[in-house]
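Here is how the chains run, residue by residue.
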Amino acid sequence: MATKSRIYFTIINPLLGYATRRYRLLKPQPDWKVMLVSQSPPHNTRLGYLAQIENGEWIATLGGYGRDYPPLSDRDFLDFARSLASPKFYEAIKDAEPISPIYAHRATANRLRHYDKIELPHNFVVLGDAVCALCPVYGQGMTVSALSAIVLRNWLQKEYSHSSTILKSSAFQKKLAKNNLLHWSLATSQDSQFPTTQSRREVTSGGLLSWYTNRLLQLTNSDPHTYTQLIQIVNLLRSPLQLYHPKVIFRVVRKSPSKKTNGECYQLKR
Ligand SMILES: Cc1cc2nc3c(=O)[nH]c(=O)nc-3n(C[C@H](O)[C@H](O)[C@H](O)COP(=O)(O)OP(=O)(O)OC[C@H]3O[C@@H](n4cnc5c(N)ncnc54)[C@H](O)[C@@H]3O)c2cc1C
């Protein structure tokens, strides 16, 4: 538990590692610009992301949850790509020209530091990744940090309008903690679907809401429409309330989640 003097933190670690390499693809260029082969918890730990970047180059990222780390040698990297749920990823890069080394990244733990539970000196605040750092694979971190800055701006405007120039930081940290809760929940509930995730949250606690959430998450493995909506919510482009829109409820209730949990291949067309 927290004490007034000692900061404590929560870590939920999916033990996800990824490896990235740039390629020049052979001509003709594909008619899509992004391909995502998704992981599919609890058993399919592997994902691939291929996207066109500047100068006709492509960036290929492979990832694996639960210490299923992608290898860093040429041949093993390709073998890992071949093991993804869809052959399309491997097909796209197997004859392509590698134009960079393979770079690995494994610091993907979600970390929440509870500055809201301690006394900070006045006029000193903490925000961004220093408070809430999320597993980078969901692409939320910059948005969460930018939103933290907005919380700070709004708080400063309110506090300064109250004549005092001494800012009680603890009040801000409490406000920020409340603001971060949703983003933390979204990222860690994704990671907690893997049994290998360290300190994972309980995702099957029973009750209607839990049933609905589990079924929806399962459906995202086989239904691109629901998956896209979930990703938009996780990327903070849409309100989480969209998950309870009648159309989504209808899909979740009517459509049986696929028993096959192989992951999906999504391509974003030009
Ligand atoms: C591999 C990886 C991929 C990511 N991909 C995405 C993504 O696709 N989309 C997304 O939204 N987010 C992504 N993120 C997360 C995103 O980068 C962070 O959430 C965001 O940068 C946090 O912003 P920040 O300002 O809190 O911290 P930072 O951006 O880390 O800025 C902190 C700054 O403080 C400086 N600093 C540190 N110590 C000191 C010191 N003692 N004195 C002075 N300066 C210091 C650092 O050099 C740094 O410039 C990714 C993160 C990683 C690690």
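Every chain begins its residue count from 1, and numbering advances along the sequence as written. Thresholds applied to this predicted model are a pLDDT of at least 70 for local features of residues and 80 or more for the giving and counting of side-chain atom pairs; totals over whole chains, interfaces and linings are not thresholded and use all residues.

Draft legend 1. View of the overall build of the protein. Per the convention used, a helix needs a DSSP run of H or I reaching at least four residues, while a strand needs a run of E reaching at least two, with both numbered from the N terminus. Helix and strand counts for the protein come out as seven helices and 10 strands. Think of it as a crowd count around each C-beta: if 20 or more other C-beta atoms lie within 10 Å the residue is buried, if 12 or fewer it is exposed, and in between it is partly exposed, with C-beta placed from the backbone throughout. Taken across its 270 residues, the protein has 28% of its residues classed as buried. Look at the contacts in the protein between residues 6 or more apart in sequence, and 73% of them connect residues 24 or more apart. It is the C-beta atoms, placed from the backbone, that decide contacts: two residues are in contact if theirs lie within 7 Å.

Draft legend 2. Structural context of the site of the ligand. For each residue, a C-beta position is placed from the backbone atoms; the residue is near a molecule or strand when that point lies within 6 Å of it. Taken together, the residues surrounding the ligand are His105, Gly128, Asp129, Ala130, Pro136, Gly139, Gln140, Gly141, Met142, Thr143 and Ser145. Residue polarity follows a fixed list, in which Ala, Val, Leu, Ile, Met, Phe, Trp, Tyr, Cys and Pro are nonpolar, Asp, Glu, Lys and Arg are charged, and the others, Gly among them, are polar. Of the residues that constitute the shell around the ligand, the class distribution is three nonpolar, seven polar and one charged.

Draft legend 3. Looking closely at the sheet that holds strand E1 (residues 9-12). Here, strands pair whenever DSSP counts at least two bridges between them. Spatially, the three strands line up as an open sheet ordered E1-E8-E9, and their pairing is antiparallel. Two strands in the sheet have a free side with no partner beyond their single neighbour: E1 and strand E9 (132-133). As defined by bridge partners, strand E8 (residues 110-113) adjoins E9 across two bridges and the pair is classed as antiparallel. Across the sheet, the residue bridging to Arg111 is Ala133, located in E9. For helices, the axis comes from a line fit to the C-alpha atoms of the stretch in contact; other axes are also lines fit to C-alpha atoms, and the angle between any two N-to-C directions lies between 0 and 180 degrees. Lying over the sheet, helix H4 (residues 169-191) contacts E1, E8 and E9, oriented at roughly 150° with respect to E8.

Draft legend 4. Examining unusual backbone geometry more closely. Along the chain, Pro41 connects to Pro42 via a cis peptide bond; the corresponding omega equals 5°. Within the secondary structure, Pro42 is located in the loop between strand E3 (32-37) and strand E4 (46-52). Even without a glycine there, the phi angle at Leu15 is positive, about 50°. Here Leu15 shows up in the loop between E1 and strand E2 (17-24).

Draft legend 5. Up close: the environment of Gly48. The topology assignment puts Gly48 in strand E4. Those residues in contact with Gly48 that lie beyond four places of it in its chain are Val37, Thr61, Leu62, Ala81, Leu84 and Phe89.

Draft legend 6. Local environment of the nonpolar core. Residues Val37, Leu50, Phe89 and Cys132 are the most contacted members of the largest nonpolar core, which totals 35 residues. At four residues, H4 tops the list of elements feeding residues into this core. Once residues lying within four places of it in the same chain are set aside, the contact partners of Phe89 are Met35, Val37, Gly48, Leu50, Ala81 and Leu84. Linking buried Ala, Val, Leu, Ile, Met, Phe, Trp, Tyr and Cys residues through C-beta atoms within 7 Å yields a set, and such a set is a nonpolar core.

Draft legend 7. Structural detail: the pairing of E2. Pairing geometry for E2 and strand E5 (residues 58-64), over seven bridges, is antiparallel. Bridge pairing links Tyr18 to Gly63 in E5. Where E2 and strand E7 (residues 103-105) come together, three bridges link them in antiparallel fashion. The residue bridging Tyr18 from the neighbouring strand is His105, located in E7. In the sheet, E2 pairs with strand E6 (residues 97-98) via two bridges, with the strands oriented antiparallel. The residue of E6 that forms the bridge with Tyr23 is Pro98.

Draft legend 8. Representation of the packing of helix H3 (residues 141-160) against H4 in the model. At a minimum axis distance of 10 Å, the contact between H3 and H4 shows a crossing angle of 150°. As H3 runs across H4, the sense of the crossing is right-handed. Residues Val144, Leu147, Ser148, Val151, Leu152 and Trp155 of H3 pack against Phe172, Lys175, Leu176, Asn179, Asn180 and His183 of H4. Residues belonging to the contact of H3 with H4 are distributed by class as follows: seven nonpolar, four polar and one charged. Crossing handedness follows the turn of the near helix against the far one: under a right angle anticlockwise gives a left-handed crossing, and clockwise gives a right-handed one.

Draft legend 9. A look at the environment of Glu97. Among the secondary structure elements, Glu97 is positioned in strand E6. Taking the number of C-beta atoms within 10 Å as the measure of exposure, Glu97 has 11 and is therefore exposed. The sequence separation of Glu97 and Leu26 amounts to 71 residues, and the corresponding C-alpha distance is 7.6 Å. Not counting chain neighbours up to four residues away, the residues in contact with Glu97 comprise Tyr23 and Arg24.

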